[in-house]
Each structure stands twice: as C-alpha cells, then as structure tokens.
Amino acid sequence: MIRSNRRRFLAGMGGLLVALPFLEGLERPTLADTMDRRFLLNFRQWFGVQQKPRFGGTYRDEVERFWPNASVDPGGKVALTRQLLEKTDGGGELRATGELADFASSLLILRGVRVMDLNGLHRPHLVQVMTGSTWQKTRPGFDPGDDNNAWPLHETLDALFARSLNAPKPLVFEAVQDGDSQTSFENGKDGAIPSMISPMRHPSEAYAKLFLTKQLEGKEAALRLRASDAILAELKSLRADPRLSSEDRRRLDAHFDAMNEVETKLQCLPPDINDASMVALRDADKPKLSDASKARWEAVGLYNEYVDSASDAFLQIAALGVACGAFRAANIVMSPQTNFNRSTVFDENGSEFSQGFPGHYHALSHRAFSHDGQNDDADNSEPEKGALAHHRIDRWHARKFAKLLGLLRDAGVLDQGVTMWTNENATGDHWAYDMPYIIAGSAGGKLRTGQLMDLQSGGVDPGDTVDDGAIRNAAMAKQMPCSRVLNSVGAALGLTNDDKSPLSEFGGFQGNLPRITGNLPSLLT
Amino acid sequence: MTPPTKTEPAEHGVRLPRLSHEQWSRTAQAFLRFTDPPLFSMRPDSIPADGFETDDRSRLVDSSLLRDYRAAAETLAEVVVTNGEAFAKLTVDGGEGDAPTRLRRMITVAWPRAYRRPLTTEEIDRYVAIGMAEPDFATAGNDDDKLRAALRVLLRITMQSPHFIYRVELGDPAGEVKQGKYLVRPLTPYEYAARLSYTLFDSPPDEALVAAVKAGGESFDATSLVDDPRARVTLLRFHKALYSVEASRSMIKDTGKFPGMENLGLDAAKEAELFLDEVVKNGGSLRDLLLSRTTFVNQRLASIYGLPTDGLNADQFVPFELPPERAGILTRVSWTGNEADLFERSSILRGVYVTRKLLCTPLGAPPKGAVESAPKAPPTLTSNREKVTYRTGGEACAGCHKQIINPNGFAFEGFDAIGRFLTDENGVKVDTTGETHLDGEKITFTGARDFMEQVSEAEQTHGCYVGQLDSWVLGRPLAAFEREGAAPIAQRSNHDRASVRDLLAQLITAPAFRSVVREVP
C-alpha cells in the first residue's frame, strides 16, 4: 500500500512516525494514496564558484575545478556517470561537482547559461537567477542608484510554483546570514513591486514553527477533532446528494483531500529532539543554549563555528518538509559570512591546509589570500592559493548539496520534485555567464536527468576576451538565457502558461533588448 | 434557454461556487451580528488568465485555505463565547427558557443567516444533539455556560461547513425540465436571493431580499437592485479588471527616458477609476466607456495629456475634457502605458488586447520559437511601426499579426509608452492608419479616435462586452448557449444605447442567472 510506503519514507527522515489519518471512513482514496509530491528546493551559494572562465576575465588563467571533467562541445551533451563525475586531472583535486557522484543519474548539470543582464555585481545578478528577468533599481525605501539594492521585476520561480499549487508561499532558510539574501520574492499586492519573502534564521525555531506548533493536546485537540468529524459528516452527506453534478463531486473530493492532508499533517510527528538523527538541530542550538545573550548569538561572528550544524539542520528541515508535504517550495541559503575553518574545508584526509585558514569567504572569492582573506582590497594577492581555497569551499557546498539529495532520496522523494544548486555569480570576479545550474530530480520523470549539457551556442572567439564589454557581448550572444532554463524547470513541475500549455512565458525580460522566453524541449521528456 | 451541447465545458455543471474571502467574512458578520466584517488573512485565490476575480474555477478549497478557515472559525467562536456583547447578540435569537430550548430556537432562527436558507428539522436536531453532547454542557453551572459550551463547537462546525463555504445551488426539483441530455432546474428563492446578493453586493442576502424574492416568485423583478450603491462598486471592480486598471498600477517606466515618471501607474490607475465610476454613476453606456473624453487629472497627468497645469498639484484629481485625439478608456495613460514596456509602446500588446478583450476575437499563442526567432529590426528602420512590421513579417507570424494584431495595435501608435500623444517619431510622421475587420467587414481607420468610434458601433464589441459582464456575473466562462442567450442584451447595448447598469439588470434577470444546468445522471 502506498500509505505504508509513505510511512516508510518518512521514517527514513530519521524516526519520523505518521499516525494513520482519522479520515479512514472515506469512500475514496486518502491523500496518502494520491498525494501530489511535487516540490522545488533551491540551494543557494554566494560569490560564484572556482571555474576557468571561458570568455576570459581576471581569472582566465585558473585551472578548471568545478564542472565535470568531460569534453563537451558547445551545444553538446554527455551522459553523467559516477566515473565521469569522479574523474580528476591526473591525480589532481576532485572537481566540485564530483562530490555529487552518488547522484549521477538524478543530475542535470547545465553549463553555458547566463543571467539576463550581465551588468552589475552581486545583487543585480542574484535577483535574476530565479526570475529569469533583468533587475530594477526600485527597492522600496533605498537609494535607487545602489546596485546592492537591486530588486527583481517580478516573482521568483519558486513563488510562482507555490502560488500555482495554492501552497504556502516559499520558505527561505538562511543558514547563518547577515543582511538580505534576496532569494525569494512574491508579487506585490495590488500591483506593487515584488516583496521579499522573510527568512527563517534559527533552525530550532523554524522546526518548531513548521512541525511542532501544529500539535494540540488534551481538551482543545478533542474539541477540534469533534468539529472535524461533524464537518466531514456534512461533506459526505452533501457529496451523496444525487442532484450534484460530476464537477460538484470533483470539487468536494478535492475538499476531502485537503481535509485529509490537514489532519495527516497534524500527525506528521517529528523525531524526538534527542533522536540520533537530530544531532544537527541540537548542535545548531548550542550557542543559543549556552549563551544567555541572544544579541550575541545573533552576531555574525558567533555563528561561525556552527555553520556546519546550522546548514545541516536546515537541510534536514527542508527535506522533511517536502517529504511530509508541509510545504512545496523552499530555499536554503548557505552562509556568505562564514569563516570556513579547517574542519569544514581544509581538513580533508587528515591534512591541514598549509597556511591554516581563518579566511573570509567573500575576500577569498577575490583571491585576497595573502591577507588571510580578510581584506577585500587585496584582490588577487595570491591567485593560486585563493583559487584553491575557493574550490575547497565549492566542494564544501557540494557536499552539503549531496547531503540534501541524500535526505531526499532516503525519503523516496528525490525524483518527485526538483532541487537546484544555484549561485549569485558564476565566478568570484562577478561574471554571470556559465552560471551554475546544477539540477537534481526529474520532477516525476519530466526532466531528462543523467546529463551534462553545454547550452552555449558556439565557441569562444579570440576577440571575446579583450575587455569587459567584449566578454559581456560575446556571452550575451552565445550563452543560454536563464529564463529558458527556469521555464523548463517550471514546465517539468507542471506549471503552465495562461493557455494551459507547458510553462514557457515566465520571465525573459532583458530591459531594452527583446524578451527571451520559451522552454528547452531538450531538457524535457 | 437552450441546453448546452455535449461539448460544453464541465464548469457548467458547477453549483457549488465557493464564497470569496470577502464574502466569507461578510457572511460571518451577518451570522454573528457583528458591526463590521471580521478580518482574517486567508490564502489568496489565483485568477484564471481567461477569467475575472469572480471566476469560481480557481476557488479551490485546499489544505492551506482549510487551515485559514479553521483559524478564523475557532477565533470567532472564542470571541462569541468569551465576549459578553458578542454572546448576547447571537443568543438573543434563542429567546427565553432553559439551555436546550434556547439552543434549538437559536439554531432555527440564526443559522439561516449562515446557510442562507432555513435548516431542515433533521439538521436542527443534529446540531442540538452535537451541542448538548459537549462535555462542558453537562457540567456547566448555568444555562448561559451550557450555551457557551454548545456554541464553542457549533460555531466552529458551522463556519467550516460546506453549507457556509459554498453557495449550494441544487435548484427546485419541482421546476425541473429535461432538455435532451440536460436537466434545467430553476433556483429556489433562497438560492436566487443568495446569488443576487453575493453577485451584486458581495454579501449574503438580508431578510428583506429573501422575503421579496419568496413573495415575488417567478415574477420577482431584481432590476432595481442594480441601483444600490454596492452594485456600483461591483461594476467598478469589473471595469477595473476588464480594462487592466489594476495591472497598470504597477507599470514601470525607464526614468532616464521618462524623467519624473516614477510610480506613474498610481496616478494612471486613480484617473481610470474615477473615470469608470463616473460613467456608471451617470448612467453611461459602453459607448461612453469607449468614447468619452471626460476625465480627472492631477498635475502630472495633465502635463502628459497636454492640458493646462495651472493650479493643479500631485494629489488632487480635477475634472477635465481630454483633447480630441483621445476617445475613451483605451486612450488613457493607464491602458496605453500598461500595454507598453519600460521604454517603448507595444503595438503588439495593444493589438492583442484589442483583439481578445475588446472584440473577443480568438487568438492562438505564438508558434513555439516564433518570438525567439523573430528577426531583429535593422537600424535603418526609424519608427516603431516599421520595426514591429519587420519583426512580425515572417511566415510564422504574419498570419495573425499582419491582418489582425498589428492593425489593431497600430491604431494606438500615436500614444507612447507613458500615453503621451505623438505626432512624429525620429522626424517621421507617426502612422496611425490601418484597416481591420469588424463584424466580418473590412474597415479603414485614421487613428485611435476614428478606430474607437467604429469599434463602438460594431455588434461584436457589444457582444464581447456583455459576454464578459455575464461571465463576471456568473463567475465562469460562458457556454455558447449562454452567449446566444445574452445576444438580445448586447443588441440593447448597441442599438438602444442601454446603460451599463441596465445591462447588468438584464443579465441578473435572465434565465441563465436564475437556473442551474447539469447533465442527466
């Protein structure tokens, strides 16, 4: 029975138990049998990745350490296998995407994708990644001239997805964050500009809000149950009326399903906090428990030691939530502020990184290595070491992404939805072509996973690397606009255009350049 | 009424339209005798692309909304049982006597306000039994506390009941007529009163309306209801949706090209609202909506329209007569600015709107890849019209664009991306001429005003408008047989210049509005 499968896969989350819903008497399948399990998770990294930029730029001479070690011509593709993902360059480092080798058949790695407008630095790129449209300078209440206040033109794909499913709006989990992550936006009310979805920053509070506050006990629970039983009886009575049309019955069936889902979710019980599976959540709480000063706990510096546990806790919450059906869309924003210390990044195989490393991630992305990565003005001070450190940080992110995929796979839902690893930039020097769009999960068999595809339309000409303008123009001409990738993901998830055709008209705005929409049939089954 | 054909969409079998959130709140207000509608945050409904906010197709009850209903019902139940004034307002319907007597009488008298119909004896018995079975009912020390115990559960049930959430329209079996494969059944007086009230006033019917409909029977004339100020609000909502006024509120313009035009949409939407309401208030017709030059502008809009700005400011909107190149709602800043992008007017968006929403001419979606593969206009082309013509001249595009979309859009070529009137562009005279088809006949036009004057005389324009108003009223797309049924009303709009209010009155008294249709089981 599917219901027992559901119980099993939730148990895979770490001891989670689901009591049988009380709506046993229904004369139709219960939600557990029919549940639509589509979801969209976005795992977000900051500051680009360490890759060899194809069109040049500051880091043109760096070694490629991100994309799989495969020869794929622009426009071409290759099947992803464990062997390919684990292939190194003659004993060199594993490529960052190599950390995902366990999931080769569930991956769709897309190279050759650009944002819609390559101008700007951090935020102007960031807000395009999930809207597939250029940005505006109209953040309410902020200086319109500041790129860091870049704002999207419209809602992000996750918000459209949640809205289309009439599901709760997307969640944003910020695993150690200071300032706005500008990740998920919903359309403004009454035509106002889009509004940013507020993040959840404390794993334990998020966990309690999403899973524990729905628990009721004693008298109040009994009262609610009596009311639900009476409402259910009225629904059944009305549905049995012979004067209803078939459409009426379908409507009431959906109502039944919703009741079932609500009551089932009431009993989507989390594991006990002392359960072995909840170690990340417990660890994430440590500073809060040991430090009486909440202000100090919220100070960025104090988070640093807990990046691992806070990230892991949010990964667990995200996987539990979509497996449980508690929410359909969520973003896990990894930390931009963290000092990646030896244990998280450089302590592989027992060997400590030679310099020791208290480095600051952003400065490192600019290769400011000689100043311990703490001075952004020291750009490119030691490019080779900086690049290697950035690569190690990419691999740390890759391992976290793999952990998320593992949780979803254990829960039996990895291929029911789409999980994306995205970034605000492609490289540390702010170029936003060859943006990482690492997609996992086939959305119920709708996406062609198990592939590495280069979506760039042509090779790189020598003149493309002369200066910034040339890079920008060449990339704009040859790389695939991210709007088309997002439309493809949306189409795979069952989103549609106004005329009910598979999604192809999301985003695509490029300012005064022609709008570029459409999905990519080559990505869809 | 002609029954639907077997190809009609399934929506025509729906008789469980769900209340909007506003209607839910106002029904709770009437039921509990609150002074104001209680405010709750509920999961917003999406609106179908081919429908209006009243469209019932997207009003699904999902788990998210169920949680909102439950939270609202539980909150209101607690208010009633813990607040003395609220408790008294509801229990006054119970009169005097012991708790079981008062409970039964209360359910009999008050619950019809919740369900918009009298309860059956069986329902009353069941609710009384549920209330008296509450553990606290037996242990309470006095009758008021017993009632509180009963109401705590009964109010939760009632405000989450399908009879509260939906308008249950089963029809009167006595009047059922079988027509082919279909059963056509008149609404009961209670159902008709509820449909009228929710449609026109967004509220449940009051006792007076229910009594009038019951007393009038089949001959009840609902015409005068459209004169209620609440019906004017409803018509304004309809027109704002039809003419994209809400969408225009968020229009964004490039402030480099159009300095000082930040948040232009707010002013534009305000002007449009004032205009649309003025037409309805004065008994205006569709022709007035499409041709009138009456408007209300503030300083910024006056400058865009080329009107004197002396004495005007940003906040006050004062009446003006627009220059002669303007005609009706589609020549205002709201529509012309909305059907444009940050920099440039969009002849294509304008043409598509006119074709689909003004004339109800069906248009398919562009062929896959057509937009992406459209050629870039060479820099030698100077005018927007030339560029659009060039880009849409390919084989895949020309079928719709050359004959239909582009001409309908080019009529408005004289209005730029913020709705300013243009006579020349890059030194070349703006070409607003064209030819298109109305009522199956080819026509030529010289510009927006000429175009709108001819459009306002066309049968298809009035048929399109009445059909959309009917779709708003019925809360779903029309079936072919319903469009045919509305044809005489469209003719009144065109030939008798019937007012918009009169058209609404005709629709709510038409057979389609007074009956339900479903397939034979």
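Computed from a prediction, not measured in an experiment: that's the story for all the values here.

K.L.:
Would you mind going over the overall build of chain A with me for this structure?
P.N.:
The helix and strand inventory of chain A stands at 17 helices and 16 strands. Looking at chain A residue by residue over its 525 residues, the buried ones come to 60%. Of all intrachain contacts in chain A linking residues separated by at least 6 positions in sequence, the fraction that spans at least 24 positions is 71%. Surface summary for chain A: the accessible area is close to 19400 Å², and the carbon and sulfur share equals 49%.

K.L.:
How should the state of the cysteines be read in this particular structure?
P.N.:
The term disulfide refers to a covalent linkage connecting the sulfur atoms of a pair of cysteines. Residue and element names in this part refer to chain B. One pass over the full model with this rule turns up 1 disulfide over all chains. Linked covalently through their sulfurs, C360 and C464 form a disulfide whose S-S length is 2.0 Å. Handedness of the C360-C464 disulfide follows from its S-S torsion of about 70°: it is right-handed. Placement of the pair is C360 in the loop between α17 (347-358) and α18 (370-373) and C464 in helix α22 (residues 459-474), with a sequence separation of 104 residues. Judged by relative accessible area, C360 falls into the partly exposed class, the value being 38%. Classification of C464 by relative accessible area gives buried; the value is 4%. Just so you know, C397 is unpaired, no disulfide at all, and the nearest cysteine sulfur is the one on C400, 9.1 Å from it. For C397, a relative accessible area of 15% corresponds to the buried category.

K.L.:
Even after reading the chapter, I still don't get the packing of helix α2 (residues 63-82) of chain B against helix α3 (residues 84-91) of chain B, so can you show me in this structure?
P.N.:
What describes two packed helices is the angle between their axes and the distance between those same axes. Residue and element names in this part refer to chain B. Viewed as axis vectors pointing N to C, α2 and α3 meet at an angle of 95°, and their least axial separation amounts to 5 Å. For the element pair α2 / α3, the angle class is roughly perpendicular. Between α2, through V79, V80 and T82, and α3, the contact on the second element is made entirely by G84, A86, F87 and L90. Across the contact of α2 with α3, the residue classes break down as 5 nonpolar, 2 polar and no charged.

K.L.:
Please explain helix α9 (residues 189-201) of chain B as it appears in this structure.
P.N.:
Helical geometry: 3.6 residues make up each α-helical turn, so side chains three or four residues apart lie on a common side. All names here are of chain B. Here α9 contains 13 residues, and its C-alpha end-to-end distance of 17 Å stays within 8% of the 18 Å for a straight helix at 1.5 Å per residue. Of all 13 residues making up α9, 11 are buried, and the element is well covered by its neighbours. Every buried residue of α9 is accounted for by E191, Y192, A193, A194, R195, L196, S197, Y198, T199, L200 and F201. The positive-phi residue at the C-terminal boundary of α9 is D202, with phi of around 60°.

K.L.:
Can you walk me through helix α5 (residues 121-132) of chain B in this structure?
P.N.:
Residue and element names in this part refer to chain B. Helix length check: α5 (12 residues) gives 16 Å between terminal C-alpha atoms against 16 Å at 1.5 Å per residue, within 8%. Listed in full, the buried residues belonging to α5 are E123, I124, Y127, V128, I130 and G131. For α5, the angular spread of the buried residues around the axis is 160°, confining them to a single face. Residues T121 and E122 are exposed on α5 and point more than 90 degrees away from its buried face.

Reading the values: rules and limits
Residues numbered from 1 in each chain as written. Chains lettered and ligands numbered in written order. Predicted model: local features only at pLDDT ≥ 70, side-chain atom pairs only at ≥ 80, totals over all residues. Heavy atoms only, no water. Helix = DSSP H or I, 4+ residues; strand = E, 2+ residues; numbered from the N terminus. Buried < 20%, exposed > 50% of the residue type's maximum accessible area, 1.4 Å probe, protein only. Contact = heavy atoms within 4.5 Å. Areas by Shrake-Rupley, 256 points an atom, 1.4 Å probe, with all protein chains shown as cover. Disulfide = S-S within 2.5 Å. Axes fitted to C-alpha atoms, helices over the stretch in contact; angles between N-to-C directions. Parallel < 35°, antiparallel > 145°, perpendicular 65-115°, else oblique. Nonpolar A, V, L, I, M, F, W, Y, C, P; charged D, E, K, R; others polar. Expected span 1.5 Å × (residues − 1). Arc of directions from axis to C-beta.

These results come straight from atomic positions and should not be treated as a statement about function.
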